[in-house]
Amino acid sequence: MSKAPFEIKGLDHIVLRVRDRDRMVRFYCDILGCRMEREQAEIGLTQVRAGHSLIDLVPVDGKLGRMGGAAPGKEGRNLDHFCITLDGYDEAKIRAYLTAQGVEIGEAGSRYGAEGEGPSLYVSDPEGNVVELKGPPWHA
Amino acid sequence: MARVTRKPAKPARASKPPFVLEGIDHILVLVSGMKPAVRFYTEVLGCTVEDALPQYGMLQLRAGAALIDLVDIAVPEARWAKPPVAGGRNFDHLCLALGVHDEGALRRHLARHQVEIIEEGVHGGSRGESLSLYVRDPSGNVIELKGPPPLGA
């Protein structure tokens, strides 16, 4: 079988289908610290930067979102979760901060990621997507 | 005695997160049927198998600096991930950052694997504007294949 004529560098971005754009922007920017990168209201696309990646928010009732069919059901999903790498991981501080922001924190643990095994915890965004926040590997 | 009245806690909008985001580390994509999914992600996209976790119905694939974890919701071991409602899509697509490549060779490669390009165009990504080709994995998840911006752009 022929080899792929390209090399994958990594994940460039992920596009989330959202119901409430403003609420999601507040979560990803104000709470998680993403930066607003680009807004294209006419097609219904908000892009926020998470380090070297982007997270795109596409309201399901916008031009792009409507092309994707019906809104995700409350329990329907094709993504279990996604994980963002953090530079700096002080679990106590992160917990205190997220709690003050009213973010529900799920299980913390030591988990395997692209850079190896390291500390992480799960949070839910306002629309129920699970976001894993992961620190550097134990043996960096 | 003066009573200290506490203001109701308001969202600490001004406080800054005690961390800096570096980027997307990995993503767990739900698939239905591991065999066709693995074929697609390894043979077509060139991911390599990093670890198998059959007890969770999971396979971890290396995609450059990131991981793509496939979770086969068709097997009982992945019942932990199986959504109660089928067919829902909380992510529209994910985009893979490709290194410099020959666009013609990429198109021929996809055609040889009978992978249809469902959409294409010059779109913005985390590295800037460049050509994107959109394809579907065997479970219908949309994958955007995106090279670096052209030199001098």
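Above this note sits the structure.
What you see is a predicted model; the values in this text were computed from it and never measured.

Let's talk about unusual backbone geometry
Residues and elements named next belong to chain B. Positive phi is not limited to glycine here, since Gln114 has a value of about 55°. Mapped onto the elements, Gln114 comes out in the loop between α2 (103-112) and β6 (119-125). Take Gln114: there are 7 C-beta atoms within 10 Å of it, and that puts it in the exposed class.

A look at the sheet that holds β6(B)
Where strands meet in a sheet, backbone hydrogen bonds hold them as pairs that are either parallel or antiparallel. As summarised here, the arrangement of the 8 strands in space is β2(A)-β3(A)-β4(A)-β1(A)-β5(B)-β8(B)-β7(B)-β6(B), forming an open sheet in which the pairing is mixed. Every interior strand has two partners, whereas the edge strands, β2 (35-40) of chain A together with β6 of chain B, have only one. Each strand of the sheet is rotated relative to its neighbour by a mean of 25°, with strand direction disregarded. Note: strand β1 (residues 8-18) of chain A against strand β4 (residues 53-59) of chain A, 6 bridges, orientation parallel.

Thoughts on the interface of chain B and chain A
With 60 residues of chain B at the interface, the matching set in chain A holds 58 residues. Breaking the side of chain B that touches chain A down by element, the ones donating at least two residues are β1 (20-31), α1 (34-44), β4 (66-72), β5 (91-98), α2 and β6 of chain B. Ranked by residues supplied to the side of chain B that touches chain A, first place goes to β1(B) with 11 residues. Along the lines of polarity and charge, the residues of the side of chain B that touches chain A split into 33 nonpolar, 16 polar and 11 charged. Note that strand β5 (residues 79-87) of chain A and β1(B) share 8 bridges and pair antiparallel. By the bridge assignment, Leu79(A) is partnered in β1(B) with Val29(B).

Each value, and the rule that gives it
- Residues numbered from 1 in each chain as written.
- Chains lettered and ligands numbered in written order.
- Predicted model: local features only at pLDDT ≥ 70, side-chain atom pairs only at ≥ 80, totals over all residues.
- Helix = DSSP H or I, 4+ residues; strand = E, 2+ residues; numbered from the N terminus.
- Buried ≥ 20, exposed ≤ 12 C-beta atoms within 10 Å, placed from the backbone.
- Pairing = 2+ DSSP bridges.
- Axes fitted to C-alpha atoms, helices over the stretch in contact; angles between N-to-C directions.
- Contact = placed C-beta atoms within 7 Å.
- Nonpolar A, V, L, I, M, F, W, Y, C, P; charged D, E, K, R; others polar.

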